[in-house]
Amino acid sequence: MLDKLKDFSSHFFVTGEPMIYGADVAILLTLAGIIFVLTYLKKWKWLWREWLTTVDHKKIGIMYMLSSLLMLFRGGVDALLMRMQLAFPQWHFLDSNHYNEIFTTHGTIMILFMAMPLMFAFFNIVVPLQIGARDVAYPFLNAVSFWLFFFGAMLFNLSFVIGGSPDAGWLSYPPLSGMQFSPGPGQDFYIWGIQISGIGSLASGINFIMTILKMRAPGMKLMHMPLFTWSVLASCIIIIFAFPVLTVTLALLFIDRFFDGHLFTMTGGGNPMMYINLIWMWGHPEVYIVVLPAFGIFSEIVATFSQKKIFGYKSMVFSMMIISVLSYFTWVHHFFTMGAGANVNVFFAITTMAIGIPTGVKVFNWLFTMFRGRIQMTQPMLWTIAFIPCFVVGGATGVMLSAAPADYQYHNSYFLVAHFHQVLIGGVVFGFFAGLYYWWPKMFGFKLNDRLGKWAFWTWNIGFYVCFMPQYALGFMGMTRRIYTYDFDMGWGPLNVISTVGAFFMGIGFIFQAWQILHGIKYGERDVTGDPWNGRTLEWSIPSPPPHYNFAVIPTVTGQDAWWTIKEERKKKKAKETAAFSPIHMPKNSGIPFIMSIFWFIAGFGLTFHWVWVAIFGLTGVGACLLARSFQYNSDYYIPVDEIQHTEDSVGRVG
Ligand code: HEM
Ligand SMILES: [Cu+2]
């Protein structure tokens, strides 16, 4: 009996690695710390009422943001560990298996649990405010989406200490990810972690399409919408077509693993290339899902801080729409070497190159907006300006990769690693940082320190180029991706050391940002105007942070840059119109999204360990939650006029 238990626990818990014991202790201490603080400050009720059960899009956005920054930390530590390992030839900091696990979790976490939720944070915080709405179309579903993401991410992260991490790469190609080569629970953690959070992402896509189409303030035509809102629409259109493909692909992989399906394994008549086609049919659009909102963010920032209308609004809209369609016809560029033949490769080479055109249009529009503008070098603007050259180089190396014959040389080399980090960090991460600095005062009502921000900016940027430029050269020198060590006589040592130094600079940049946030909480300059940047769009027309109903009176929109127009009119009339309030219809909080997601987590955990009864228990819980929701008739309420009046008085602004 005791032996059985011992045997079980040595399979169940990951043991033998000092780093993992460290993580175990850290997790326990953090948990104990959180429980202690919450109990000591008597905050449990507050936590439940204000956050865990909230359906307020702003709070959900903030929770997305915090989880995403946490995941950036985890993914960043993974990155530094890998760079340490690669710094010197024949170095034995990590072993090969550990290296495989780390590049897998790093890639997965960065894209699915860092970039995606940070993007959803902006969707949530900004979109309803920009279109003059009080919430998203389906507030309850929005909470479900968040908690599914959160518990999916937790399930994935749990693999580090229980059962073992996946190690077949961030897209889990079979046969490597099949039972034969990955018998442990790592791959199942991958499948269910992503599956659960992916359902949430799909629901968010639907939710924001409906929000944008149905919840706009009176008078706001589609062509009056701020460009960020447009970018969200474009991104969500891709989501609703791409994520079902991911869901099905992962389900098929699970069938292979659990039921011995042989869909993707040669031994039973399946074909691994089928999986690779399917996963990239989601994977390629996925990179546009995260980069389009960044384009939207840059468009808002460039217009605001050049103090001009955006140049070429219509061409911006069309280019985003074209990108969202084209993104579906390029996936084969990830495996030109598959042997599909020249005709197929030519088609995908041309479509890939074609995406450069609308992207180029956007870059020129940003530059023309800045041209002759009165540019203010604020923190959001700094990141925007740094993004442009970075993204142009990333785009150029992308076009190099898209030349199918040349790709036979670049394929799976460090050149590729440098390229995709250039677009993912230079485009997505810098874009999201720009957005964080831009909307921070709106979210929290205070500004972040400039000096610390500049330190963060320069360490990130210098670190970035020092880290990734050498990797292009390493690619040409023959270094391939996903290797954990190399010989002295390859001559890759010096450039790898440089690259690692750069990575640490980026790590220091992240520390500056964490410091900047803590500093801001304590000393940050309060924003009492609600409009610290002299903004152009409606989110700047309400107090910071906004009251939970957002707009006391829904504004009427007459054109683009709605808030700018209102300000111009007010200047002319010099009068502030006082508005009459009427009761506001709002959704009630609900604990069901949180509880239901815990049941999903339990189900996912059961499926990961192939414990059928646990899985059935979890899924039954999910069903019960859905049933309970369908009997909740009393799910909304009205805020009475005097309460609105009181809130508006206390934030000091009316109208
Ligand atoms: C912060 C600085 C970063 C550094 C120093 C870094 C470093 C690395 C390294 C060393 C690898 C493994 C390369 C190999 O051995 O093949 C890697 C892979 C990867 N990284 Fe990063 N990374 C960073 C940020 C990011 C970000 C922000 C994203 C996405 C938003 C990202 C996405 C990926 C992906 C998808 C892979 C491929 C994983 C795989 O091969 O399965 N990285 N990164
Ligand atoms: Cu692609």
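Scroll up for the structure.
Residues numbered from 1 in each chain as written. Chains lettered and ligands numbered in written order. Predicted model: local features only at pLDDT ≥ 70, side-chain atom pairs only at ≥ 80, totals over all residues. Heavy atoms only, no water.

Chemist: Give a detailed account of the overall build of the protein, specifying residues and quantitative values.
Modeler: Regarding its fold elements, the protein presents 20 helices and two strands. Scored against the burial criterion, the 655 residues of the protein give a buried share of 56%. Counting every atom, the protein has about 27800 Å² of accessible surface; 71% of that belongs to carbon and sulfur. Computing the positive centroid from 40 side-chain charges and the negative centroid from 33, the protein places the two 12 Å apart. (Helix = DSSP H or I, 4+ residues; strand = E, 2+ residues; numbered from the N terminus. Buried < 20%, exposed > 50% of the residue type's maximum accessible area, 1.4 Å probe, protein only. Areas by Shrake-Rupley, 256 points an atom, 1.4 Å probe, with all protein chains shown as cover. Lys, Arg positive; Asp, Glu negative; His and termini not counted. Charge placed at Lys NZ, Arg CZ, Asp CG, Glu CD.)

Chemist: Just give me the short version of the coordination of the copper ion (ligand 2), but keep the residues and values in it.
Modeler: The copper ion (ligand 2) binds to the protein through H284 (ND1), H333 (NE2) and H334 (NE2); the donor distances cover 1.6 to 1.9 Å. Overall, the relative accessible area of 5% leaves H284 in the buried class. Of the residues examined, H333 reaches a relative accessible area of 14% and is grouped as buried. (Donors = N, O, S within 2.8 Å, 3.2 Å for Na, K, Ca; no water.)

Chemist: Provide a residue-level description of the coordination of the iron atom of ligand 1, including the pertinent values.
Modeler: In a perfect tetrahedron of four donors around a metal, the angles come out at 109.5 degrees. In a perfect octahedron of six, they are 90 or 180 degrees. Looking at the iron atom of ligand 1, the protein donor atoms are H106 (NE2) and H421 (NE2), and they sit 2.0 Å from it. Residue classification places H106 among the buried positions, given a relative accessible area of 12%.

Chemist: Can you tell me about helix α14 (residues 414-444), naming the residues and giving the values?
Modeler: One turn of an α-helix holds 3.6 residues; hence residues three or four places apart share an orientation. The sharpest bend along α14 measures roughly 40 degrees and falls at Y438, with the proline P441 sitting one to four residues further on. Most of α14 is tucked away: 29 of the 31 residues are buried. The N-cap of α14, judged by a side-chain oxygen 3.1 Å from the amide nitrogen of F415 a few residues on, is S413. Where α14 ends, the next residue or the one after it, G445, has phi of about 80 degrees, a positive value. (Bend = angle between axes of the 7 residues up to and from the residue. Polar contact = N/O pair within 3.5 Å; in protein donor to acceptor, adjacent residues only side chain to side chain.)

Chemist: Give a description of the side chain of N124 that names residues and reports values.
Modeler: Tracing the chain through its elements places N124 in helix α5 (residues 96-130). Assessed through its relative accessible area of 0%, N124 is described here as buried. For N124, the side chain forms a polar contact with the side chain of N142, separated by 2.6 Å. Sequence-distant contacts of N124, defined by excluding residues within four places in its chain, comprise H57, I60, G61, Y64, V136, N142 and F208. (Contact = heavy atoms within 4.5 Å.)

Chemist: Quick one: what's the story with the site of ligand 1, residue by residue and with numbers?
Modeler: Lining the immediate environment of ligand 1, one finds 23 residues, of which Y99, H106, W170, H421 and R482 sit closest. With respect to ligand 1, the side chain of Y99 contributes an N or O atom lying 2.6 Å from an oxygen atom. In this structure, R481 approaches ligand 1 through a side-chain N or O atom, which is 3.0 Å from an oxygen atom. Looking at the shell around ligand 1, the element that brings in the most residues is α5, giving seven residues. Counted by class, the shell around ligand 1 contains 16 nonpolar, four polar and three charged residues. (Near = heavy atom within 4 Å. Nonpolar A, V, L, I, M, F, W, Y, C, P; charged D, E, K, R; others polar.)

Chemist: How would you explain the nonpolar core if you had to name every residue and give the values?
Modeler: F113, M119, F228, W282, W366 and W439 are the most contacted members of the largest nonpolar core, which totals 173 residues. It is helix α9 (residues 272-306) that provides the largest number of residues to this core, a total of 19 residues. In this view, F113 contacts S68, M71, T108, F149, G152, A153, F156, G193, I194 and S197; residues no more than four positions away in its chain are not counted. Within the second largest apolar cluster, 13 residues are counted, among which are L81, L94, M479 and Y486. (Core = buried A, V, L, I, M, F, W, Y, C linked by side-chain atoms within 4.5 Å.)

Chemist: So, the pattern of salt bridges: which residues are in play, and what are the values?
Modeler: Tallied over the full model, the rule gives seven salt bridges. Among the salt bridges present, the one from R74 reaches D78, with a minimum N-O distance of 3.5 Å. Taken together, the positions of R74 and D78, both in helix α4 (residues 57-87) and four residues apart, correspond to about one turn of that helix. With a relative accessible area of 17%, R74 lands in the buried category. Judged by relative accessible area, which is 5%, D78 ranks as buried. (Salt bridge = Lys/Arg side-chain N within 4 Å of Asp/Glu carboxyl O.)

Chemist: An account of unusual backbone geometry is requested, with residue identities and associated values reported.
Modeler: Omega for the peptide link from P174 to P175 comes to 5 degrees, which places this bond in the cis form. As for its placement among the helices and strands, P175 is situated in the loop between α6 (139-158) and α7 (186-214). That bond from S544 to P545 is cis: its omega, -20 degrees, falls within 30 degrees of zero. For P545, the location among the structural elements is in the loop between α16 (493-523) and α17 (562-573). Its identity is not glycine, yet N534 carries a phi of approximately 55 degrees, on the positive side. Backbone geometry places H610, a non-glycine residue, at a positive phi of 55 degrees. Structurally, H610 is set in the loop between α18 (592-608) and α19 (612-630).

Chemist: An account of the packing of aromatic side chains is requested, with residue identities and associated values reported.
Modeler: Aromatic ring pairs are described here by two measures, namely the spacing of the ring centres and the angle between the planes. All chains considered together, the criterion is met by 80 aromatic pairs. Arranged with centres 5.2 Å apart and planes meeting at 55 degrees, the rings of F228 and W439 form a pair that is tilted. Of the two residues, F228 is situated in helix α8 (residues 227-258) and W439 in helix α14; the sequence distance between them amounts to 211 residues. Ring centres 5.9 Å apart and planes at 80 degrees place the aromatic pair F243 and W282 in the edge-to-face group. Taken together, the residues span a long stretch of sequence, with F243 in helix α8 and W282 in helix α9 at a distance of 39 residues. Across the pair, W282 and F243 agree in class, each one buried. A cation over a ring is seen here: K43 above W46, with NZ or CZ 5.1 Å from the ring centre. Lying over the aromatic face of F140, R629 brings its terminal NZ or CZ to 3.7 Å of the ring centre. (Phe/Tyr/Trp six-rings, centres within 6.5 Å; stacked < 30°, edge-to-face > 60°. Lys NZ or Arg CZ within 6 Å of the ring centre and 35° of its normal.)

Just geometry here; none of it tells us what the structure is for.
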